[in-house]
Amino acid sequence: MTWGGGFGGGGGLGGGPGAVGSSAAAGLPFAGIPAELQSGVDRLVASEPEYETPTLTFEQNANENELKRLSLWSLLTKYPWMLVLAGLLVVVISVAGQVGPKLTEYAINYGMGGIPGPGHLDFGVVVAMAIAYVVFIAVTATAQRFSVQVTGRLAAWVMNDLRVKVFAHLQRLSLGFFTEEKAGVVMSRMTSDIENLQQLLQDGLSQLAIQALTMVVITIILFATNVLLAFITVVLIVPALVVASIWFKRASERGYDKVRDGIANVLADLSESLHGVRIVTAHNRQRNNVIHHRNVVGDYRDANNYTAHVNAIYGPGTQMLGFLGQAIMLAIGGTMVAHHTLSVGALIAFFLYLNRFFQPIQLLVQQYNTYQQGQASVNKLRALVDTEPEVTEATDATDLPPIEGRIAFEHVTFGYLSDRLVIEDVDLVVEPGETVAFVGPTGAGKSTLAKLVTRFYDPTEGRVTIDGHDLRDVTMRSLRRQLGVVPQEPFLFAGTIGDNIAFARPDASDGELREAVERVGLADVIDRMPAGLDTVVHERGQTLSSGERQLIALARAFLAHPRVLVLDEATSNLDLQSETKIETALDVLLENRTAILIAHRLSTAMRADRIAVVDEGRIIEVGNHDELVARGGRYAEMYETWVSQSDAASHTPA
Amino acid sequence: MRTPTLRPRPSGPPEASTAFVPIAEEARNEAPPAGIDPDKSLSWLRRALPIMRAHKGIFATSLTLSFFGLILQVSIPLLLSKAISNSIEKHTVPLSYYVWWIVGLGLLSGVFGYIARLFLFETAYDIEYDLRNIIYEHLTKMSFSFYDRVQSGQLISRANSDIRSVQMYMTFAPLILVQCSMAVIAFCVMLTISVPLALVAMATMPLVYWTGVRMRKSMFPVSWIIQARLADVATIVDENVNGVRVVKSFAAEEQQLRSLAGAADKLQWGYIKDADLRARFTPLVQNLPQVGLALVLLFGGYMVIHGTLGVGNILTFNLYLLMLQAPFMMLGMLIMMGQRAAASAERIYEILDEEPTVTDALDAVDLVDCTGDVRFRHVDFAYNEDAEQLVLADFDLHVPPGQTVAIVGRTGAGKSTVARLLTRFYDVKHGSVELDGHDVRDLTLASLRANVGVVLDEPFLFSASVHDNIAYGKPSAGRDEVEAAAKASGAHEFISHLADGYDTVVGERGYTLSGGQRQRIAIARTLLVNPPVLVLDDATSAIDVQVEQTIHAGLKVQMEGRTTLIIAHRLSTISLADRVVLLDQHKVVADGTHAELLATTPLYAEVLAQAAEFEAADEDDGPEDDGGRASGDTPLGAMLDAVRAGGRP
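Calculation rules
Residues numbered from 1 in each chain as written. Chains lettered and ligands numbered in written order. Predicted model: local features only at pLDDT ≥ 70, side-chain atom pairs only at ≥ 80, totals over all residues. Helix = DSSP H or I, 4+ residues; strand = E, 2+ residues; numbered from the N terminus. Buried ≥ 20, exposed ≤ 12 C-beta atoms within 10 Å, placed from the backbone. Contact = placed C-beta atoms within 7 Å. Pairing = 2+ DSSP bridges. Axes fitted to C-alpha atoms, helices over the stretch in contact; angles between N-to-C directions. Parallel < 35°, antiparallel > 145°, perpendicular 65-115°, else oblique. Nonpolar A, V, L, I, M, F, W, Y, C, P; charged D, E, K, R; others polar. Arc of directions from axis to C-beta.

**Focus on the overall build of chain B**
- Helix and strand counts for chain B come out as 22 helices and 12 strands.
- Scored against the burial criterion, the 649 residues of chain B give a buried share of 59%.
- Long-range pairs, those at least 24 residues apart, make up 76% of the contacts in chain B between residues at least 6 apart in sequence.

This is the structure we're talking about:
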């Protein structure tokens, strides 16, 4: 069983040569490689090693290492030797790169007669200096080569760590987070915010270090050449640069924050439009949405233009300072040469170094932009990683032993928002092997009760237990592995239908798969498909009918062999034909299993051993169908309505 | 049947008809002034040219000022050299003369630099704005068949990273070219000083270019692989965000984490490959110009010693080569950016070159005053290109104005397809779908969809207020109209109980509401538009029976005088219909009232097994119960018998 490349999990991870092709096959028919690139890509992929199947384990609670504050530094220090190596290479590049003007000065002074005097016209000195120059260039180039390799690896590893870390945290976050946060915003954290760091880590940080160090090296050389001139340079230029830089830092931080918010909104809007495209089309809202998108993108553009303004002042501004510096140096240095306190060669070297002093500043500005953007992204990521899951695993949580399936709600009170209770003081015991149906009007809290059993949420007061274990005392994995859930909306992943059914148990054999398919009555549907179980599901299975999707979700739960089954309106989208089929299957599935059924149809509810009528967050009646009808309460009322309606349905059309 | 009024569509692009298109938002920003060149045979840059041309004003200003700025920069080293020879060595000109010139030119270059850079960035962001909107607008035109096969994670990745790399290249490439033109000027200046030394100084530049070309060739595939793998990672994240309930329910976090780690590993390999290739080329590209400096020192030194060159000129040459180093380094970057941009552009064009399959005909007309006469004539339809998997084959159905028809059939029988064809979400393969006697393909999409309101089985809500969600199809509607629609769909009561009532913002896709609540909002959303033809595609499946009944009262009123197609499984929903058609084997196999079908078609009874069986026990209902007996001996039947015995004495 292999997931398609787009999914990347399970046995398909061994990818190898087929990997790139399969990513194209998994859903994007037009993700093909441009023809002229094909051979190059093939050659590259052929050199790709086989990957080991990742053996990562998922822990509900972040371990100590992961709890450390997320920062660039903490990410980098995981690879101390690479950092040290990168640091050494940075030093070599910064020093070896700045020898040139000094060699030029020497050649001018002692080879070309820069210092007047006999024997100072010596071509041998010039040749020696030129050779030395070339040697230092070679050293710099070699160091650069290794530096690119080292920082490239460092960046790739750190990004990988970051992706896994943030994703793992996303998996830990409770349902409440995903309900409140826009999917597009979460997406942009995992994609553009992380990708933003790529440039910074790959060469941004090392460039920052090189340029900063270059400035230090040049300052030292300037002082070594002529203290007075160097002092004047530093006094005149450095303060102006510092002021400009502080202003720039503040202004651009503000700007990039706005930019990041802007792009998150753009992506969120795009994502929502794509997911709701059917509704958009049905309501002719395309034109309006285009206008809306223009406005959102327009805000993003405005934010970008603000940063453009800041950059346009700072970049050419510092360059202008450089020219003014040259003018000053010409005035002062020229006078010094005239008074023979400075050699012509030294003055020329000064000009060369001054130029090199400003060049790093220009580059620093560029790199600092990357740094700012990266830092803004790190801040957003940190906020995400610091979001505490509402439902957490106790540190001393134990594995829930194989359960009998006795579920007990003990004085359970719950509200999604603390001031609005959805469940109030619910007491109910579901005996092992018993099927209890929750019925009641929409919004009464039926689904919420089910979500408390799966521990998507924790009760505000009271407790939910299984076989006497408080759910908060056991590990989530051991709990959920013994639960089977069919949620309201059948969600299909990219991959084949078989992969989707085997979602909870990727190791299931073909025989087991087939059994699940047959038992839920999906066999006809599968047999009608060209590739059977290997038929690829495109974009959440929108080409399948909702009934078919629901059947797949049922087969998925079936295959998981849970002790406790939670069916949340699971059969509501099925036509009666399929429903009859799976109801027989459910009878077998429910055998010896504890089940909670959220039923909207009394016909479903009636199949249960007991029925709990939920209204306004309370259970107002519990009992089997006969008892409840005999009691003449709320259930009897509902039942009466339903009977008369069904009767009416079979007669009315005339 | 009354002849419907048709209005010829005003000429112009298909977007021109606005009567049926709701606009809720005031446009604060302009439309992108140009699109890409549709000619696919052109190079990617040529195809993007119209977009650049639209911003030629500020762009040209920016480039011109950069150019003049560069000339100023080129002249400063010359002044320095002159100052050294004329003021410091020979004392023929006062030093202050050169100092003030340099100050003046420096200030001017700052002003030029500011304007040039601001305009350049503005052009870049304008182009990004254009590209984003062009893609978005194109996506809104795409047909359902496109969205069926494309993953939205892929689209989002294209709309994000790819746009950026194209936009970067399109704006920074010309700037770098302008800076390279400085190389030409500087070279000319160097030639005037000394022809041989100029040639020596520039000797390594062709090598720089050649290395760049090599680099570009070998790095192209790797950047493609990286982009593709970034999209794979995005897809996994997208699925986990949207399918979080399933992942959590089955405790599949670890499995998902591993699948992400697997995708991230492959991406990591791509980045390392990328680093290794850059390591091979970047040092060459960056250091070859430096070798020029050493050569200048060697040959310049020889010339100075022999008196054919002033010492100051060594400085000039050095400064020029340093000035040239940046553009040549950027030339290397430009080459890298170029290959990324070309790969990205191809991926963007792939989207833009996808033609919508369902579009307005050139002579399409607006349908106004629709009476609601719906007719399917010999319709063949398949979702796939190959016609083997027909969903509907020779499907015939006529629904006269005002009638309510229930479409019943097994899962996968093609019921929803009927609805999708009527709203022209897809086009038929053969035959035709007609509204008021007009082939739907002859009508404008906007007018068709304004007249045919459909409530889909998936009640997607937008993250906006309940009010805005209900008024989605008619944003101009006031609160009273919205409330009336909500009342008709039975949504008013629970909405009033929400924290902020109609102003409550529903979370991502409305998951803060239950399935039934979302469905009721979705129904209200369609009712508000008040379409002459209404299609309910499994629209009440998640609503409990009790509530459904109260909705039915409202719906009955709404269906009055409206052609309605109901796709349903529930008997209670079917009861709303005047007529029932049974779908099987891709076509209508039975057509009549519920009672007629029960009496004549065993399959219908089978499909309705459960409900019909229930009826079987009703002593008063004589002849119609036959169909239901088929499943009377199932355990469920037995159970229901017991239920009945207890429930209705």
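**Regarding the interface of chain A and chain B**
- Chain A puts 198 residues into the contact, and the matching count from chain B is 194 residues.
- It is helix 12 (residues 286-338) of chain A that contributes the most residues to the side of chain A that touches chain B, 34 residues altogether.

**A short note on the sheet that holds strand 6 (residues 483-486) of chain A**
Residue and element names in this part refer to chain A.
- If you trace the six strands from one edge of the open sheet to the other, you get 6-9-10-3-11-12, paired in mixed fashion. Two strands lie at the open edges of the sheet, namely strand 6 and strand 12 (618-623), each paired on one side alone. The average undirected angle you get between the axes of adjacent strands in this sheet is 15°.
- Sheet analysis places strand 6 next to strand 9 (residues 564-568), joined by four bridges and oriented parallel. Across the sheet, residue Leu483 finds its bridge partner in strand 9, namely Val564.
- Strand contacts of helix 14 (residues 446-453): strand 3 (435-439), strand 9, strand 10 (594-598) and strand 11 (610-615), with the helix running at about 150° to strand 10, the strand carrying the most contacts.

**Concerning the packing of helix 6 (residues 99-111) of chain A against helix 7 (residues 123-172) of chain A**
Residues and elements named next belong to chain A.
- Between helix 6 and helix 7, the shortest axis-to-axis distance is 9 Å and the interhelical angle comes to 175°. It follows from the interaxial angle that helix 6 and helix 7 lie roughly antiparallel. On helix 7, the residues that touch Val99, Gly100, Leu103, Tyr106, Ala107, Tyr110 and Gly111 of helix 6 are Phe123, Val125, Val126, Met129, Ala132, Tyr133 and Phe136.
- Of the residues assigned to the contact of helix 6 with helix 7, the class counts are 12 nonpolar, two polar and no charged.

**What about the sheet that holds strand 4 (residues 461-466) of chain A?**
Residue and element names in this part refer to chain A.
- In space, the four strands of this open sheet follow the order 2-1-4-5, with antiparallel pairing throughout. Looking along the sheet, the strands with just one partner apiece sit at the ends: strand 2 (423-430) and strand 5 (469-470).
- Alignment of strand 1 (residues 407-414) against strand 4, held across five bridges, turns out to be antiparallel. Looking at the pairing, Glu410 lines up with Arg463 of strand 4.
- Contacts from helix 14 reach strand 1, strand 2 and strand 4 within the one sheet, and its direction differs from that of strand 1 by about 120°.

**Comments concerning helix 1 (residues 44-53) of chain B**
Residues and elements named next belong to chain B.
- Within the sequence span of helix 1, burial applies to Arg47, Ala48 and Ile51. Buried residues of helix 1, viewed axially, fall in a sector of 85°; they line one side. Facing away from the buried side of helix 1 by over 90 degrees, the exposed positions are Arg46 and Arg53.

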